[in-house]
Amino acid sequence: MTGWVTVAGLGPGAEGMITAEVQAAIAAATDIVGYIPYVRRIAPRDGLTLHESDNRVELERAAHALAMAAEGRRVVVVSSGDPGVFAMASALFEALEAQLDTFAEVDIRVLPGISAMFAAAARAGAPLGHDFCAINLSDNLKPQALIEKRLALAAQADFAMAFYNPRSKARPDGFGRALDVLRSHCEPDRLLIFARAVSTPEEHLRVVPLSEATPEMADMRTVVLVGSSLTRRVGRFVYTPRSVPE
Ligand SMILES: C[S@@+](CC[C@H](N)C(=O)[O-])C[C@H]1O[C@@H](n2cnc3c(N)ncnc32)[C@H](O)[C@@H]1O
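These lines cover the structure that appears in this document, whether it is placed above or below. (Residues numbered from 1 in each chain as written. Predicted model: local features only at pLDDT ≥ 70, side-chain atom pairs only at ≥ 80, totals over all residues. Heavy atoms only, no water.)

Section: the overall build of the chain
Then step 1. Scanning the chain from terminus to terminus reveals eight helices and 13 strands.
Then step 2. A globule of 246 residues ought to have a C-alpha radius of gyration of about 18 Å, and the chain, at 19 Å, matches this closely.
Then step 3. Among the 246 residues that make up the chain, the fraction classed as buried is 47%.
Then step 4. Within the chain, contacts between residues separated by at least 24 positions form 68% of all contacts whose residues are at least 6 apart in sequence.
Then step 5. Carbon and sulfur atoms provide 53% of the accessible area of the chain, an area that totals close to 12,400 Å². (Helix = DSSP H or I, 4+ residues; strand = E, 2+ residues; numbered from the N terminus. Rg over C-alpha atoms; globule rule 2.2 N^0.38 Å. Buried < 20%, exposed > 50% of the residue type's maximum accessible area, 1.4 Å probe, protein only. Contact = heavy atoms within 4.5 Å. Areas by Shrake-Rupley, 256 points an atom, 1.4 Å probe, with all protein chains shown as cover.)

Section: the pairing of strand β9 (residues 191-196)
Then step 1. For β9, the buried fraction is high: five of the six residues fall into the buried class.
Then step 2. In this structure, β9 lies alongside strand β11 (residues 222-226), joined through five bridges in antiparallel fashion. Bridge pairing in β11 places R196 opposite T222. (Pairing = 2+ DSSP bridges.)

Quick word on the sheet that holds strand β7 (residues 132-136)
Then step 1. Across the sheet, which stays open at both edges, the five strands sit in the order β7-β8-β11-β9-β10 with mixed pairing between neighbours. Edge positions in the sheet fall to β7 and β10 (204-209), since each of these pairs with one other strand and no more. When the angles between neighbouring strand axes are averaged without regard to direction, this sheet yields 20°.
Then step 2. Strands in contact with helix α6 (residues 116-124) are β7, β8 (160-164), β9, β10 and β11; relative to β11, the strand with the most contacts, it is inclined by about 65°. (Axes fitted to C-alpha atoms, helices over the stretch in contact; angles between N-to-C directions.)

A few points about the site of the ligand
Then step 1. Neighbouring the ligand are 19 residues; D82, V85, S115, M220 and T222 lie closest to it.
Then step 2. S80 is positioned such that a nitrogen or oxygen atom in its backbone is 2.9 Å from a nitrogen atom of the ligand.
Then step 3. V198 is positioned such that a nitrogen or oxygen atom in its backbone is 2.9 Å from a nitrogen atom of the ligand.
Then step 4. Residue composition of the shell around the ligand, grouped by class: twelve nonpolar, five polar and two charged.
Then step 5. Counting only domains with at least three residues in the shell around the ligand, you end up with domain 1 (4-114) and domain 2 (117-239). (Near = heavy atom within 4 Å. Polar contact = N/O pair within 3.5 Å; in protein donor to acceptor, adjacent residues only side chain to side chain. Nonpolar A, V, L, I, M, F, W, Y, C, P; charged D, E, K, R; others polar. Domains from an automatic or database assignment.)

With respect to α6
Then step 1. Among the residues of α6, those classed as buried are M117, A119, A120, A121 and A124.
Then step 2. In the segment just after α6, G125 is the residue with positive phi, at about 140°.

Points about the packing of aromatic side chains
Then step 1. Summed over the entire model, instances satisfying the criterion amount to four aromatic pairs.
Then step 2. Between Y35 and Y38, the ring centres sit 5.3 Å apart and the planes meet at 85°, which makes this aromatic pair edge-to-face.
Then step 3. Taking relative accessible area as the criterion, Y35 reaches 25% and is therefore assigned partly exposed.
Then step 4. Assessed through its relative accessible area of 24%, Y38 is described here as partly exposed.
Then step 5. Taking 5.1 Å as the distance between ring centres and 65° as the angle between the ring planes, the aromatic pair formed by F86 and Y164 counts as edge-to-face. Of this pair, F86 sits in the loop between β4 (74-79) and α4 (88-98) while Y164 sits in strand β8; the two residues are 78 residues apart in sequence, bridging distant segments of the chain. (Phe/Tyr/Trp six-rings, centres within 6.5 Å; stacked < 30°, edge-to-face > 60°.)

Put into structure tokens, the structure is as follows:
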């Protein structure tokens, strides 16, 4: 039997936000590989082996998936949201690059999913309706100084922004520093959206001006959207217009 490995995005949480092609890949799989909470979203069935692993072992997990596919198994590596946004798709290609001679012939596909920033933006209205960027605030894989440089330049360029991994127990201070960087470049009434656990029963959205934002408003289940200088409220919604005046 010919094996394959598919890296698939499960979306932000709701069953209805999993694409039909991801559902079809899972239905055809012999093995599911991923971080524990994501694998637990997959219903067990006969003929399907679930391989849960801890976070921070992405390369080992990716190499394991490639090795099983090379042996003829049909493997789905699951990520939350979109697998190409701070997730397993890059890890899989890093593992491939490290052992290209061994895995060059493995059939690999990446299936997109709804990323947290898009699910959160849709709940709020259209805050990412003009130019925007996404920044991972975790310093696990990059220096804190680079994070702060990118934040400052994005604020100066007046991008709307989406912050992933804003704050964790291991990194309680980084998000406060990110807010300080924003405060030195943006006006106090700049809108921030704290979107927690979007599309799950614990979903909670809060819109505040930068002057009222505090580090405690974010945790690891929150994506933070920062408006551009043109982002504004209309009724209960927040949106960014499509044009920028001369
Ligand atoms: C390792 S990143 C994975 C991102 C994922 N690949 C995506 O495209 O959404 C994890 C971060 O995504 C964000 N996130 C994931 N699911 C979320 C949800 N349902 N609601 C809000 N933020 C979420 C949080 O910022 C969290 O710390």
